[in-house]
Amino acid sequence: MRLTINGKSHEVDVDPTTPLLWVIREQVGLTGTKYGCGVAQCGACTVHMNGLPVRSCSVPVSAASGAKITTIEGLASGKTLHKVQKAWIDHDVPQCGYCQSGMIMAVAALLRTNPKPSDADIDAAITNICRCGTFVQVREAIHAAAKAA
Amino acid sequence: MTAIPKFTRRSFLVSSAALGGGLALGLRLPPFGPAVVRAADGSPEITVWVAIRPDNTTLIRAVRAEMGQGTITGLAQLIAEELDCDWNKVVIEYPTPGQSVARKRAWGDFSTGGSRGVRASNEYVRKGGAAARMMLVQAAANEWKVPASECVAANSVITHKPSGRKTTYGKVAEAAARLEQPKDVPLKDPKTWKIAGKPLKRLDTAGKVNGTMMYGIDVKLPGMLNAAVKDCPVFGGKVKSFDAAQVAGMTGVKKVVQVGDSGVAVIADSWWHAKTALEQLSIVWDEGPNTKASSADIAELLKAGLDADQAFVGNQAGGDVKAALAGAAKKVEAVYSYPYQNHACMEPMNATVRWTPERCEMWGPTQNGEGAFAQVLEASGLPADKVDVHNVMLGGGFGRRGTYPNDYVTQAVLIAKQMPGTPVKMIWSREEDMAHGRYHPVMQCKLVGGLDASGNLTALHMRLSGQSILAAVRPEVVQAQKGRDPLSFQGVFESGEHSFSYTVPNLLIDHAMRNTHVPPGFWRGVNINQNAVFIECFMDELAEAAGQDALEFRRKLMAKHPRNLGVLNAVAERIGWSKPAPAGIHRGLAHLHCFDSFVAAACEISVKDGNKVRVHRIVAATDPGYAVNPAQIERQVAGSFVYGLSALFFQECTVKDGRIEQTNFHQYNSMRIAQMPKVETILMPTGGTVWGGIGEPTICVAAPAVLNAFYRATGKRIRSVPMKNHGIELV
């Protein structure tokens, strides 16, 4: 099976029912995308599929074949950080950081379709779990990234 | 603001994971002059906390665990402050427990729990920085043949004041490393701090926004295999049998092994293959003696303890409670309860181990490197000089990764031992993590208060009944206390870092210990979570019975507790307690003394349809004595409310047929951004000789403040957690 991840083509030999998350982590070797629950509850595994956010633990790899997949490792353009990553650094958002790859990917996808989200838009779109509780800084950083556009 | 110092993945890998090699720490160079100890890259070590590279980069050593709480940044600030080094050129290096053991525990305690990371090591790490500065300055003075007293250091540059000559730490480090360490090391007055005490950014953010930060679950070693594990779902049960042949032919499966008495693991080329095969494997369990245990039975056991004759005394400040209650003009009584809760760290438990008959190493997340080292030592069967532990960034800890015996570390060693020479990464599924936590203990509490005719509290009996963590994990402590678990009384104890912050003429706080087969553990805040709910909600109940304002009623009992009064007054003033709340808004407040910090919260909530709670605002005041990084403290306070309010509204682990019923976040919910209140942090350190903790204390004041506000909003007094059991939602 052929996968396009962060602009690179990967040939993977896996059962088509394998979750995209585990193919990304174990076959492709990109471990920035995290396993948190395996049942699309927590969002730690969020990646972009054709620009849309998906919880990769619950997407069979067969459904990702032919799609353009972006992971946290592919969000920046070369050495230039994505505006969300930059806002995350400016606002010192992560605590343990484990959920933040998924959080950042969910936010980057939100800003693509809704460049100036209101607080209510953020509440509706960003449903990722963060046990450290970084939400105050997450919200600040989303607004800052939206302004930076 | 200062730029972010380098904290590269490479330095993390080289120093912390040190794949294969281990650091060169301890290597002594012969034979000219006193031996110099060198860091991994050859830089000379000045003191155990500081090594300096020729390019003037400062390597600061850290052994406490980083799990998001910011401890490593805070400790580095303290060392850098005393060292007077360039904060923009700081790199963190992580000595291993094995290296520390080989150097007679040169780095002291690795354990990171009880909010001790900064407060318990502040003095010796600051001295380590200050001594290094004195040695570097002395080395420059020696070179210039001038008195050290004529030289000053700032930003890693040393200046000879009379001549204006300058040199750098990097240039004199070799010579400094050969000097005797000074014995008399004065520390700076915190009032003069320039790096410590400032809201600097964390050192470890860069790798957390681009996917490069390595957590235990990301460890990769050459030739590594992966393991999925299942332990008997009933605590105390064992493996009876399993048929490895059943899954032997499945894709990627290498081996099926028993893990100790109670677990089975599938080892495969990938974790997904291991997990898939494990799910297909039929395991026959001997579920042991606890298969009938249920939450209802446990609740009955605890209920009986509420009136039991025997109980351990935690606080008997004076008087005769029985007589005083009998003679009270008015008696108030209430029973509260608190459930089992799982830590649910975002990163499930995991560990990677390579075992050979000659050496055993573990790479993985732990809050206690030395504790994990001891587990590896025991499980591997190897001596201390052939064992080591490489800590990595923790995807959350909250106490789960510090509770010993550190079950998951032992499991990983026992698995790797059955694949000699091959590194094996064991990862728990979320379901396994939910089934085998080290749970927040269950507790019930009966409170009886007596008021005199003027509404003064004259007597209080607080009877706790429930589980002891220490009886399970540190029985020797309990034994030394003749059966008592002093930690059960956190926040209401007679003295010390968790002392009671009211003066009541006739007081008795005691604990009927009722242990169960469910393994308890330290859960962020530990026993302050329930104790703050019990005492601070009951104080509101008493105030109401006395016909008094909740704040005024408390104040009258706090004349001898000025620092608690200070934080309580601060939140009351900020929330506007003396003025009526806006229409539809209801307020509550609470405070406690714990982990040597003084904390209070006041909140504003609204309630729709009688059950939909919105927390609009929480004002939180903290007096930790000293504040090392105000920006990180704010984050800990707000973050602790996410953890604490998730617990208050959503979280309960129930027991049925001896096992935990909840399997994943769909049954064990956690707050989302939509539910996050505005948090206003008042940081009011008042100095003194004692440093207080940060990561845990404030967690406990959110829940009682919200419960008290809920009562004002609805007239319903909720006395058991979580609120979802009462049909109440957080919106």
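Residues numbered from 1 in each chain as written. Chains lettered and ligands numbered in written order. Predicted model: local features only at pLDDT ≥ 70, side-chain atom pairs only at ≥ 80, totals over all residues. Heavy atoms only, no water.

## Things to note about the overall build of chain B
In step 1: When you go through chain B residue by residue, the secondary structure sums to 20 helices and 28 strands.
In step 2: Each principal axis of the C-alpha atoms in chain B carries an extent, and together these give about 85 × 75 × 50 Å.
In step 3: Within chain B, the fraction of its 731 residues that count as buried is 64%.
In step 4: A fraction of 76% describes how many contacts in chain B between residues 6 or more apart in sequence connect residues 24 or more apart.
In step 5: If you sum the accessible surface of chain B, you get close to 25300 Å²; carbon and sulfur atoms cover 53% of it. (Helix = DSSP H or I, 4+ residues; strand = E, 2+ residues; numbered from the N terminus. Buried < 20%, exposed > 50% of the residue type's maximum accessible area, 1.4 Å probe, protein only. Contact = heavy atoms within 4.5 Å. Areas by Shrake-Rupley, 256 points an atom, 1.4 Å probe, with all protein chains shown as cover.)

## A few points about the confidence of the model for chain B
In step 1: Per-residue pLDDT for chain B has a mean of 94; in total, 95% of the residues score no lower than 70.
In step 2: Across residues 1-32 of chain B, where pLDDT falls below 50, the model places 82 contacts with residues more than four positions away in sequence or in other chains. (pLDDT = per-residue confidence, 0-100.)

## Remarks on the domain arrangement of chain B
By convention, interface size is frequently given as the accessible area that disappears when the constituent parts associate.
Residue and element names in this part refer to chain B.
In step 1: Here the domain parsing of chain B yields domain 1 (9-205), domain 2 (220-288 + 343-435) and domain 3 (306-341 + 439-730).
In step 2: Inter-centroid distance (C-alpha atoms) of domain 1 to domain 3 is 40 Å.
In step 3: Between domain 1 and domain 3 the total buried area reaches about 1300 Å² when both faces are included, carbon and sulfur atoms providing 56% of it.
In step 4: Linking domain 1 to domain 3 there are two salt bridges.
In step 5: The partner of R119 in a salt bridge is E497, with the nearest N and O atoms 2.8 Å apart. (Domains from an automatic or database assignment. Buried area = accessible area lost by both parts, 1.4 Å probe. Salt bridge = Lys/Arg side-chain N within 4 Å of Asp/Glu carboxyl O.)

## As for the nonpolar core
In step 1: Grouped together as the largest cluster of nonpolar side chains are 208 residues, with contacts concentrated most on W88(A), F534(B), I535(B) and F649(B).
In step 2: In this structure F649(B) touches V613(B), V706(B), P722(B), M723(B), K724(B), I728(B), E729(B) and L730(B), once residues within four positions along its chain are discounted.
In step 3: With 50 residues, the next largest nonpolar core counts W107(B), M135(B), V172(B) and L200(B) among its residues. (Core = buried A, V, L, I, M, F, W, Y, C linked by side-chain atoms within 4.5 Å.)

## Points about the sheet that holds strand β8 (residues 225-231) of chain B
Residue and element names in this part refer to chain B.
In step 1: In space, the seven strands of this open sheet follow the order β10-β11-β8-β18-β15-β16-β17, with mixed pairing throughout. Only two strands of the sheet have a single neighbouring strand rather than two, namely β10 (253-259) and β17 (387-391). Each adjacent strand pair in this sheet contributes to an overall mean axis angle of 20°, direction not counted.
In step 2: In the packing of helix α8 (residues 271-280) onto the sheet, contacts are made with β8, β10, β11 (263-268) and β18 (424-427), and the angle to β8 comes to roughly 30°. (Pairing = 2+ DSSP bridges. Axes fitted to C-alpha atoms, helices over the stretch in contact; angles between N-to-C directions.)

## Here's the deal with the interface of chain B and chain A
In step 1: Counting residues at the interface gives 54 residues for chain B and 49 residues for chain A.
In step 2: Interface of chain B and chain A: buried area, both sides summed, is about 4400 Å²; carbon and sulfur atoms make up 58% of it.
In step 3: Taken together, the connections running from chain B to chain A amount to two salt bridges.
In step 4: Here D218(B) and K34(A) are joined by a salt bridge, their closest N and O atoms 2.6 Å apart.
In step 5: At the boundary of chain B with chain A, the tally comes to 29 residue pairs in polar contact (both at pLDDT 80 or more).
In step 6: Those elements that place two or more of their residues in the side of chain B that touches chain A are α6 (206-209), α8, α13 (430-435) and α19 (630-649) of chain B.
In step 7: Looking at which element gives the most residues to the side of chain B that touches chain A, the answer is α19(B), with eight residues.
In step 8: In terms of residue class, the side of chain B that touches chain A is built from 24 nonpolar, 19 polar and 11 charged. (Polar contact = N/O pair within 3.5 Å; in protein donor to acceptor, adjacent residues only side chain to side chain. Nonpolar A, V, L, I, M, F, W, Y, C, P; charged D, E, K, R; others polar.)

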